[in-house]
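Read off the chains here:
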Amino acid sequence: MSTGATSAPARMIALGSSALMEGFALIGFETHADPEPEAVENLLQELIRNQQAALVVIEQRLTRNPGRHLMHAQNEGGRIVITEIPGIGMSDAYHSRAENLVQNILGPAALEVQE
């Protein structure tokens, strides 16, 4: 059932190093190369204030010291989906927040490959 109101399409946004952003730009993401922490916070504040749906792909190094709006978006769930990705050449050292949570709850061996 439609209420007649139209909603804006979800934004696809990528934030990270310029080399990483080139690939996201090719597949249609709005990209922000090498953003300063203040720019990340301003973008997330805008999304929250405007109640806009978004998929935000963010390089892990930008989430190390999250500001108030990034933490709000990460904890809110739903309208703004935050996905962390490793930097180029850092995939072996990358550990997601979900991975850390699983290991904290189930122990360090929880994610080891079983043969």
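See above for the structure.
Description of the structure in this document. Predicted, not measured: the structure shown is a model, and the values here were computed from it.

### Focus on the pattern of salt bridges
- As enumerated under the stated definition, the model contains 4 salt bridges in all.
- Here Arg61 ties to Glu59 by a salt bridge, and the two come within 3.6 Å at their closest N and O atoms.

### A short note on the packing of helix 2 (residues 37-49) against helix 3 (residues 68-76)
- Taken N-terminus to C-terminus, the directions of helix 2 and helix 3 make an angle of 50 degrees; their axes are 8 Å apart at the nearest point. Between helix 2 and helix 3, the angle is such that the two are oblique. Like other packed secondary-structure pairs, helix 2 and helix 3 cross with a definite hand, here left-handed. Between helix 2 and helix 3, the contacting residues are Glu41, Leu44, Gln45 and Ile48 on the first element and Arg68, His69, Leu70, His72 and Ala73 on the second.
- Tallied by class, residues from the contact of helix 2 with helix 3 come to 4 nonpolar, 3 polar and 2 charged.

### Overview of the packing of aromatic side chains
- With the rule as written, the count across this model stands at 1 aromatic pair.
- Measuring from centroid to centroid gives 5.1 Å for Phe24 and Phe29, while their planes differ by 75 degrees, and the two rings are edge-to-face.
- Here Phe24 falls in the buried class, since its relative accessible area comes to 16%.
- The exposure class of Phe29 is buried, given its relative accessible area of 12%.

Cut-offs and rules
- Residues numbered from 1 in each chain as written.
- Predicted model: local features only at pLDDT ≥ 70, side-chain atom pairs only at ≥ 80, totals over all residues.
- Heavy atoms only, no water.
- Salt bridge = Lys/Arg side-chain N within 4 Å of Asp/Glu carboxyl O.
- Axes fitted to C-alpha atoms, helices over the stretch in contact; angles between N-to-C directions.
- Helix = DSSP H or I, 4+ residues; strand = E, 2+ residues; numbered from the N terminus.
- Parallel < 35°, antiparallel > 145°, perpendicular 65-115°, else oblique.
- Left-handed = near helix turned anticlockwise from the far one by under 90°.
- Contact = heavy atoms within 4.5 Å.
- Nonpolar A, V, L, I, M, F, W, Y, C, P; charged D, E, K, R; others polar.
- Phe/Tyr/Trp six-rings, centres within 6.5 Å; stacked < 30°, edge-to-face > 60°.
- Buried < 20%, exposed > 50% of the residue type's maximum accessible area, 1.4 Å probe, protein only.

By themselves, these observations are geometric and do not establish any function.
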